[in-house]
Amino acid sequence: MKRFIQSFGFAFNGIRHCLPGGTNFKIQLLLGALIFFAGFFFGISINEWLILILCCIIVLTLEMINTAIEKMCDLVTTGFHPQIKIIKDVAAGAVLVSAAGSAVAGIIIFLPKLILFIKSI
C-alpha cells in the first residue's frame, strides 16, 4: 500500500514539474479554465462537457509527454543533433494537433451559443 501511495506522490511531482517552467502548460491550463467558465456561462450539455473535458485532458497530457521527451533528449545531447530535433519537433507537433482539434471542438460547441447570445443582446 505504501508503494501505491508513493506512486501518487511521484505523479503529482511530475505535474508540479510542468508548472514552474512550462509556459505552454500554464497557458493551456488558463485556456482550460476559460473554457470551463464559458461552459457554465452558456449552460452546455453533458455530452459537450465530456468532449471539452476529454480535449483538455488530451492536450495537457500530451504537453506533459512532450516535456518528458524534451528532458530526455536534453540528457542524450546538449548540442544540436538532427535526429533529436526531429524527435522534439514530432512531440511538439502532437501537442499542436491535439490543441487544434480541441479548438475545432470548442468552436463547434460554442460558436452557435455565442451567435445566439449576441443576437439576444
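These lines cover the structure that appears in this document, whether it is placed above or below. Keep in mind the model is a prediction, meaning the values are calculated, not measured.

Using the criterion set out here, one finds 3 salt bridges in the structure. Taking the shortest distance from any N to any O, the salt bridge between lysine 88 and aspartate 74 comes out at 2.6 Å. In this pair, lysine 88 sits in helix 4 (residues 82-120) while aspartate 74 sits in helix 3 (residues 46-76), placing the two residues 14 residues apart along the sequence. For aspartate 74, a relative accessible area of 40% corresponds to the partly exposed category. The salt bridge partner of aspartate 89 is lysine 85, with a shortest N-O separation of 2.5 Å. Of this pair, aspartate 89 and lysine 85 are both found in helix 4, 4 residues apart, which corresponds to roughly one turn of the helix. On the basis of relative accessible area, aspartate 89 is assigned to the partly exposed category, the value being 42%. Take lysine 85: its relative accessible area is 41%, and that puts it in the partly exposed class.

Conventions used here
Residues numbered from 1 in each chain as written. Predicted model: local features only at pLDDT ≥ 70, side-chain atom pairs only at ≥ 80, totals over all residues. Heavy atoms only, no water. Salt bridge = Lys/Arg side-chain N within 4 Å of Asp/Glu carboxyl O. Helix = DSSP H or I, 4+ residues; strand = E, 2+ residues; numbered from the N terminus. Buried < 20%, exposed > 50% of the residue type's maximum accessible area, 1.4 Å probe, protein only.

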